[in-house]
Amino acid sequence: MVRRIRLLLDDSAWFVPFLYGMGGIVLTALTQVFGDFFRDLLPDFIYLDLDSAASVLSSTFTSLMTMMTFSFSTILVVLTTYSSQFSPRTINNFLTKVGENSPSSKRFGAKPGVGGR
């Protein structure tokens, strides 16, 4: 039964990103709960005023979104070209095949930390 559930979850492309999202929500909640405790431990020069923090966050978010956009569009072009030249099943094999020759699923966030079994 456990093996069947594991195979079902391994075949799902959305399970691991869902876990990443839930982990992010938990870390955000922990940061909010323990924020005052850490504020007392760290020196005052680490903390920025509101405008400086918004500027850092804005530039970081902009650069990450730019990188993600170019990476995602390039990946889509490659997969579209790949699927038009070969059978459409190759995309599923490309994303879900686990092994030494398929690090692409790790890059997509589908199977982090999975090498050979």
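The model shown is predicted, which means the values in this text are computed figures rather than measured ones. (Residues numbered from 1 in each chain as written. Predicted model: local features only at pLDDT ≥ 70, side-chain atom pairs only at ≥ 80, totals over all residues. Heavy atoms only, no water.)

1. Examining the overall build of the chain
Along its length, the chain carries five helices and zero strands. Taken from N to C terminus, the helices and strands of the chain fall in the order α-α-α-α-α. Counting only contacts in the chain whose residues sit at least 6 apart along the sequence, the fraction spanning at least 24 positions is 32%. Counting only carbon and sulfur atoms, one obtains 68% of the accessible surface of the chain, whose full area is about 10,000 Å². (Helix = DSSP H or I, 4+ residues; strand = E, 2+ residues; numbered from the N terminus. Contact = heavy atoms within 4.5 Å. Areas by Shrake-Rupley, 256 points an atom, 1.4 Å probe, with all protein chains shown as cover.)

2. Description of the confidence of the model for the chain
Across the chain, the average pLDDT comes to 77, with 78% of residues at or above 70. Between the elements of the chain, mean pLDDT differs from a low of 51, seen in helix 5 (residues 104–107), to a high of 88, seen in helix 3 (residues 50–85). Ignoring residues within four places in sequence, the model shows residues 110–117, a span with pLDDT below 50, making 21 contacts including any to other chains. (pLDDT = per-residue confidence, 0-100.)

3. Focus on the environment of Asp-49
Here Asp-49 shows up in the loop between helix 2 (15–41) and helix 3. Note on Asp-49: relative accessible area 46%, which makes it partly exposed. Engagement of the side chain of Asp-49 in a polar contact is seen with the side chain of Ser-52, the distance being 2.6 Å. (Buried < 20%, exposed > 50% of the residue type's maximum accessible area, 1.4 Å probe, protein only. Polar contact = N/O pair within 3.5 Å; in protein donor to acceptor, adjacent residues only side chain to side chain.)

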